[in-house]
Every structure is written in structure tokens, then in C-alpha cells.
Amino acid sequence: MQEGGGTVRLLTYRELLLTLQKLCKEKRTGMMFIKNEAGESAKLNLEKGVVFDVKFKGETGEAALALIKEIKQGKATFSTRLGTGGGVEKKIALSTVQIFQILTSNIASVTKKPQAPVTPAPAAIETPEPIREQPSVAQQVAAVEAQMPEDTSPVGEWGMIVIEAQLAAIIGPVAKVVFLDYIQEVHAANDFKALNAVIEKISKTVLTPEQQKLFRQAMLSFISQYNLKGHDSILEALKSSDKKLRLNNSAVGLCVDKHALHGEFGMTLINKLVLQVEQAGNLGKSVSLLAVLQLLEKSDKTGLLEVREKGKVGGFYFDKGVLINAVECGMNGKIIAMDILQWEHDYMVFRAVAQKGVSRQIHQTVDVLAKDVERLKENDKLEGGGQVSSPKYTNADKITLIAKAIGLTEGCDSARAENILTDVLKDYDQDFKGWLWLSRVLTNMTAIEIALKKAAHIHSKNADLAEDVRKFSQARKTIRTDFVLRCPFCWMPIAEKDSECTHCKSSFFIDPSFFKTVGKAKFEILDKAIERYSNVLQKDEGKEKHIYLRFYLAMAYLNRKYFQEGSDQLNEIARLGPQNHALITQGRILRDYMNAEGLNSGTVEESLNANLVDGSEKNARILIVEDSLVTRKVIARTLMANGYEIFEAKNAFEALTGLEEKKPQLILLDIILPGKDGYEILEEIRQKPSFKKTPVIMLTSRDGLFDKLKGKVSDANEYLTKPFQPDELLTVVRKYLR
């Protein structure tokens, strides 16, 4: 939408509502103009996000509001110079929720989705007076988002609903296509029991037992964070696209407990962390009370930290980061603060809402209060008060667990990896590798930033960290929400609507546009991902199904335009997970495309063999010296499919060992290898009398003039630049084997 006048493209009615909704959320003051296709103009006056008058077709107020529903599409502009409250009569007495209920009613009828009663978003967790919070206008607007139609296309503009987001946090962005199989059942569920049955069906059909456990825990955590008590409120929240994943309490606890170390967090990040604390709802026992108080004192926040222990209720009041009072049972002041600090709390919630009439009764810092409490306790220790306790894990345990978490991350099992890393880092907060890998699995932008800051403080010169920081900075420019997904190939934070990575340009699943754009992804990133995935599958062969790891391996191959390798993985998925219709459908789409393009293995082999002058070079022995597992396997597959006998080597030692016994009739030799490079290996090969005339084809990704000249003056017979197509490789191979 263009502000201050001007024209824009025609927006659908739904897009017009989204535009209005955004203005309300941002508490804008001014006038929104909508001009429909017939040239008729509707004018909506807003003051601080509240619509107080509408004019359309000669009508005003609620009558005009009802007529706006007739608009199919139009142009929208917004002006801050008109429509202010001064001198303009308020003609709509409806709440923001009621206004959107009227405006969305025709959308709901078109989509034929069951309509739940529109109610305000659940209020903050119930607390004793006078610390009850009323829903803001933004919360009221958010409450009607559940009434908006969900776009069921994988790349739609609508956000994920809560169930889908929870699923995506466990299996990654492919959840978008997996969830499509169940979205109609979710929308059709008109009570909590029916919805719960659908959730169980999703869990058991598409997740492993370990993943099912994580999924159920995440759903329960979500309900707890929002204090959803009644079945109606749970039903509405789970089917909403408003409430998304929050940072789990374990991760909140880690970030809060370590926030002040070495002073590496600035005010902006501290305030973001306070927001995560507020959004987390009840932190329970997962975070130390003293750590939260210290965090609030370092921020510039105003609000109330409510604490409960069994039947007792107390609270700490902050004014712009200053602790001013504590209250319990009508009493207040320093003594009450010291008393609450000794509670074994089972409930802790922060609300950034100013409290009227609260006088300053405390003039000491949080640390001074904590020290006073320590002196009062017989053992001179404050339980949970920031004192160093015995580590839960030994140093050997730490190394083992972090290695396990890295393995899980490389196997696309980020949710389990996050649990391990947050647990270990509570004891070993100076472990660089732990913070780096935690930053790669988190799905919360604030937590990712904290993890990167911690890693940078420990080892600021690390090249991998520098690359991750660049990717995070790139994501921060475009992603405005805290909840993100992660690219399975390069760990880039991505928006929930994305179907491809903004960094490595890889697609996450096969959609209608995939085959038109395939091949644009960064090959070096995909090759590393393929090698990681292949290593995990080889290590765990026969132990785990790894269905989603295989799917991302398939997509890495397909993004590389290795269609047959991708097809093999999708066929294996169909065997391992016959109930996973979404992934099986992905395989069917690929098979249809390959058949139409003549890319299936039988067609390719017949086509290539038809070009043979004679069969004399069949069964010829070829040595492939290539350190990239991906490139080596693809070359080997192409040659084996055409009748050649293949030997593989990934370095000089493997290439030169047993060379006389293998007696290759042709050698494919990569230039860039670990240890000795291709030219050094070639020199040693030529020193062997029986290999002075053996054809050697140099392979390299370099295409500079110097490299080509060096290749030509060496004893190599040919120079082949990667990446190359299978027919290019076969043409060169046949040239020297005839």
C-alpha cells in the first residue's frame, strides 16, 4: 500500500483486510482510501489503530461498513493528513474485534470453513487485583486472525497455524507440504476432542516415536505458555495463525542465566530477551528468580514480575529498569522482596505493563538484596540465586553430548539437538562449539542472536561463525517475526512462508515452479549437505528410518539436477514410510517429470548406449580420484550405468595404493585434493612405466586461464571443468577408450 496518495496494484478483498489489519496493529492515525474497480471510494478513519468512522456509497458508520464487504478488489492508499479525531464525530461504536468479524464474514462463507465464535485473544494469566491486564487493541485484532482463511498453498502469504508451526520446528520446512494432507481435517474439527484426534493422527502418521514425544511436549508447552484452560480457548488458539512458537523455557532459562556474563549483551538485545521472558508466560522453575530480576534491572522495562509459591502470591515492580517495590498480601518494601527471594517458586510471569499508584519503597539493587538474604540464611547460600553448583555433566560427558547434538543437527534432527545443547551449556557456558551449533538449531531470532554473541565472545575470529553472523544479519533485514524455520542445507534462518532458502537458493520441496528454476542453488553448499546426510545414513544404516533426512537428501540431489539420485531416495522413503502420503506424492511428481523429459534411468542408459560406435570400451576400468563424495558418486553412477568398472579414491594415498593391481585404463583426476594436489599425483603416476600412456582427464571447478594453461602443459590428456553434464563426461571418456 502506498502512503500519502498514489496508485498501487489491485488488491484482493483479503489483501485489503490484511492492509487494514496491519494499520490497526501499528496503531496508525489517518485515513485509509479504498477505490474499487467501479471507481467508487471507501474512506476509513482511524485513530491509534481504532476505526471510528467509515464512508462508502453515501453511507457512513456501520451501514457503510456492511457495504464494504461487496468489494471484490481495489486499490488502497493511506494518508496521515486526513481522518484524525479532531472535529470528526465517532460514528462506529463497535470494537475492533466486532468490526473485523463483520468484514471477514463473507470470506468465511466463501471458504466454507466452520466458524468459531469470535472472542478476544486469551487475556494474560489470571492474577489477583490490582495486577490484571486488559487486552490491547493489537490483541483484539490478533484474536480475529483465526477467522481469516488459511491459504493452503505451500507458498501462500498466510502464516502457519500453530499445529503446522510446531510440526515444522521438528521436521523442518517440508512440514508445509506434509501438513497440507491434514489441513481440511483441522479446519473441520469443531470441538477440542475432534481436533485432538487429528493432532494424534498427524503425530502417529508422519513422526517417529522420538519426534512424537517432542511434538506432544511442544503442544503442551504452547498451551501452558498462553494459560489456555478451557477446551474452547485451546481449540481457537491451535487453529489460529497468530500464536506461534515461543522460545521454550529451557532455552529461555539458558539465555537469562547467562545474559550478564562478561557484559557482551547490549541494551537492545537485553530488551529483546525481556520480551521473550514476557512471551514465554509461566517460566515455572526453569529459570532462577534472581537471574530474571538481574535481567530486568539491566533492561529499561517497566512492569510487574509476579511470583508464586504454592498458595502465596507476590510481585516485584520495575520502573524503567529500576526495582522500586515488592508486594505480598498487602505488605510491601525491602523485607517483602527479601522474603520472596527465598521462595521455591513454581510460577513466574513478567508483564511489561505500567502499574499506577506504586510508590518506591526499595532503594537497593537486586544484588545488594540478594547478599542481604545470603547473610540471613544459615548456610550462607541462596538456593537458585546465581551461586555456582556442581556441574550436571563431566567434561567428558560434555564432549560426548555436544558431538551427539552435532550429529543430530547434521541428520536434520534439530529439535533433539536443541534440548541437548541447552542442557549442556548451562554447565559449560564457555564452550564455543556448543553455542555455535545451538545458534544453528534455534527457531527464535532473539535466541539465535544471543547464541551468536556468546560464540563470538569466546572465539571471535572463527570463519564458520563469521559466515553464520553474515547469514543472520541478512535474515534480520527481511524477517520481522521472532519465529523462524531453518534451511536444512545451510542453517540459514528463513521466514515461515519461504519455500526456498534466501542464502543458498535451494528449494525445500517440489512445487509447481521447481522444475522451471532448478539448478540455481549454490552447488558447494548442497555438496556439503549431501556428504553430511550420506555419512549419517551410512553410520545409522539399519538403526533408524531417517525419512525426513532422506527427503532433504533427495532435495539436495534434485537442486543439483541429479534427478536419478533424488528419485532413488524418494523411492526408499515410499518403502520406509508408506503412510506418508505427502512425501510419496513428491516422489510421484518427480517420476512424472522424469518420464516426460526422458530422464528415468532406463531411458538415459538406452539413449547413451545408442551412441556407442562399438562395445569395445565396455567393461573398461576407470579410476576416479575426487575428494567430494557427491561428485565422486555421481560420476561413478554415470559410468557404471554404461558398463564401466569403477575404482574410487578420495586422496593421493588411496589413488596410488594398489594402482598396479587395479590397472585402470583411464583415470579421472581432480586437481584440488587434500594433501597432494592432482598435478603432484599425476607426476607420480607418469613415473610408473606401465602408466606413461594411460589417459588422464583432469577435473576441476576452476575455469581461470592460468589453470587451463597449467592443465594443458602438464601430462594430462584432457581438462574437464566442473560442473559437467553426464553426456559431456561420457563423450570425453569414450574419446580415449576407443
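See the structure above.
Nothing here was measured: the structure is a model prediction, and the numbers come from that model. (Residues numbered from 1 in each chain as written. Predicted model: local features only at pLDDT ≥ 70, side-chain atom pairs only at ≥ 80, totals over all residues. Heavy atoms only, no water.)

Now for the pairing of strand β9 (residues 312–319). Sheet analysis places strand β8 (residues 303–309) next to β9, joined by seven bridges and oriented antiparallel. Note that in β9 the partner of R308 across the bridge is V313. Where β8 hands over to β9, the hairpin turn is made up of two residues, of which K310 adopts a positive phi near 55°. Across six bridges, β9 lies against strand β10 (residues 322–328) in antiparallel orientation. If you follow F316 over to β10, its bridge partner there is A326. (Pairing = 2+ DSSP bridges. Helix = DSSP H or I, 4+ residues; strand = E, 2+ residues; numbered from the N terminus.)

It is worth spelling out the packing of aromatic side chains at this point. Considering all chains together, one arrives at eight aromatic pairs under this definition. Taking 3.8 Å as the distance between ring centres and 10° as the angle between the ring planes, the aromatic pair formed by F515 and Y593 counts as stacked. Taken as a pair, F515 in helix α21 (residues 514–517) and Y593 in helix α25 (residues 581–597) lie far apart in primary sequence, 78 residues in all. The buried category is assigned to F515, whose relative accessible area is 18%. Ring centres of F563 and Y593 lie 5.8 Å apart, and the angle between their planes is 50°; on these two criteria the pair is classed as tilted. Taken together, the residues F563 in helix α24 (residues 563–576) and Y593 in helix α25 connect sequence positions 30 residues apart. According to the relative accessible area criterion, Y593 is partly exposed, its value standing at 22%. Feature note: the residues F514, F515, F563 and Y593 constitute an aromatic cluster, connected by ring pairs. Lying over the aromatic face of Y347, R308 brings its terminal NZ or CZ to 4.3 Å of the ring centre. Between the NZ or CZ atom of R560 and the centre of the ring of F523, over which it lies, the distance is 4.0 Å. (Phe/Tyr/Trp six-rings, centres within 6.5 Å; stacked < 30°, edge-to-face > 60°. Buried < 20%, exposed > 50% of the residue type's maximum accessible area, 1.4 Å probe, protein only. Lys NZ or Arg CZ within 6 Å of the ring centre and 35° of its normal.)

Turning to empty space enclosed by the protein, a few remarks are in order. For the coordinates displayed, the defined rule picks out five cavities of 30 Å³ or more. Here the largest cavity defines a volume of roughly 190 Å³. In terms of lining, the largest cavity is formed by 18 residues, of which the most central are G172, P173, S414, R486 and P488. Put simply, the parts of the chain that give the lining of the largest cavity at least two residues each are α5 (162–171), α18 (432–441) and β13 (485–486). Looking at which element gives the most residues to the lining of the largest cavity, the answer is α5, with four residues. Of the residues that constitute the lining of the largest cavity, the class distribution is 12 nonpolar, four polar and two charged. (1 Å grid on protein atoms, 1.4 Å probe; cavity = no way out; pocket = protein on both sides within 12 Å on 5 of 7 lines; lining within 4 Å. Points joined across faces, edges and corners; volume = space filled by probe spheres on them. Nonpolar A, V, L, I, M, F, W, Y, C, P; charged D, E, K, R; others polar.)

Of note, the phi angle at K57 is positive, near 55°, even though the residue is not glycine. Among the residues examined, K57 registers a relative accessible area of 43% and is labelled partly exposed. Positive phi is not limited to glycine here, since K561 has a value of about 70°. Assignment of secondary structure puts K561 in the loop between α23 (547–559) and α24.

Attention now moves to α24. Residues separated by three or four positions in an α-helix point in the same direction, a consequence of the helix having 3.6 residues per turn. Along its 14 residues, α24 runs 20 Å from first to last C-alpha, staying within 8% of the 20 Å computed at 1.5 Å per residue. Buried residues of α24: F563, Q564, E565, G566, S567, Q569, L570, I573 and L576, and no others. (Expected span 1.5 Å × (residues − 1).)

This next bit is on the pattern of salt bridges. If you walk through the whole model with that rule in mind, you get 29 salt bridges. When the shortest N-O distance is used, the salt bridge between K272 and E449 registers 3.2 Å. With K272 in helix α12 (residues 267–279) and E449 in helix α19 (residues 445–458), the pair connects residues that are 177 residues apart, well separated along the chain. K272 gets classed as partly exposed once you look at its relative accessible area, which sits at 25%. For K735, the salt bridge goes to E718, with nearest N and O atoms at 3.2 Å. Separated by 17 residues along the polypeptide, K735 in helix α32 (residues 726–737) and E718 in strand β19 (residues 718–721) bring together distant segments of the chain. Judged by relative accessible area, which is 23%, E718 ranks as partly exposed. Residues participating in the shared-partner salt-bridge network are E40, K57 and E70. (Salt bridge = Lys/Arg side-chain N within 4 Å of Asp/Glu carboxyl O.)

Taken N-terminus to C-terminus, the directions of α23 and α25 make an angle of 25°; their axes are 12 Å apart at the nearest point. In terms of orientation, α23 and α25 fall into the roughly parallel class. For the pair α23 and α25, the crossing hand works out as left-handed. The residues of α25 that touch α23, namely those facing I547, Y548, F551 and L558, are L583, Q586 and L590. In terms of residue class, the contact of α23 with α25 is built from six nonpolar, one polar and no charged. (Axes fitted to C-alpha atoms, helices over the stretch in contact; angles between N-to-C directions. Parallel < 35°, antiparallel > 145°, perpendicular 65-115°, else oblique. Left-handed = near helix turned anticlockwise from the far one by under 90°. Contact = heavy atoms within 4.5 Å.)

This brings us to the side chain of N642. Note on placement: N642 falls in the loop between α27 (629–640) and β16 (645–649). Using a relative accessible area of 3% as the deciding quantity, one classes N642 as buried. A distance of 3.3 Å separates the side chain of N642 from the side chain of R734, its partner in a polar contact. (Polar contact = N/O pair within 3.5 Å; in protein donor to acceptor, adjacent residues only side chain to side chain.)

This part takes up the environment of C504. Looking at the secondary structure, you find C504 in the loop between β14 (493–494) and α21. Sequence spacing of C504 and C487 is 17 residues, and the spatial spacing of their C-alpha atoms is 8.7 Å. When neighbours within four sequence positions are excluded, C504 is seen to be in contact with C487, F489, C490, A521, K522 and I525.

Within the secondary structure layout, T694 lies in the loop between α30 (678–686) and β18 (696–700). The exposure class assigned to T694 is buried, which follows from its relative accessible area of 8%. Not counting the four nearest positions on each side in its chain, T694 is found in contact with P664, Q665, L666, I667, R686 and N717.

Pairing between strand β3 (residues 30–36) and strand β4 (residues 41–47): six bridges, direction antiparallel. Of the residues in β4, the one forming a bridge with F33 is K43. Where β4 and strand β5 (residues 50–56) come together, five bridges link them in antiparallel fashion. Across the sheet, residue L46 finds its bridge partner in β5, namely V51.

Within a beta sheet, neighbouring strands are joined by backbone hydrogen bonds and run either parallel or antiparallel to one another. Reading across the sheet, the five strands line up as β11-β10-β9-β8-β12 and stay open at both edges, with antiparallel pairing between neighbours. A single partner strand is all that each edge strand has here, and the edge strands are β11 (331–332) and β12 (347–351).

On to the state of the cysteines, then. The tally for this structure, following the rule as stated, stands at zero disulfides. Cysteine C501 remains unbridged, with the sulfur of C490 as its closest cysteine sulfur at 3.5 Å. (Disulfide = S-S within 2.5 Å.)

Turning next to the sheet that holds β16. Spatially, the five strands line up as an open sheet ordered β16-β15-β17-β18-β19, and their pairing is parallel. Of all the strands in the sheet, the pair left with one neighbour each is β16 and β19. Adjacent strand axes in the sheet meet at a mean angle of 20°, parallel and antiparallel pairs treated alike. Bridge analysis of strand β15 (residues 621–625) against strand β17 (residues 666–670) gives four bridges, and the strand direction is parallel. Residue pairing for β17: I622 is matched across the bridge by L666. Each of β15, β16, β17 and β18 touches α27; the most contacted strand, β16, lies at about 170° to it.

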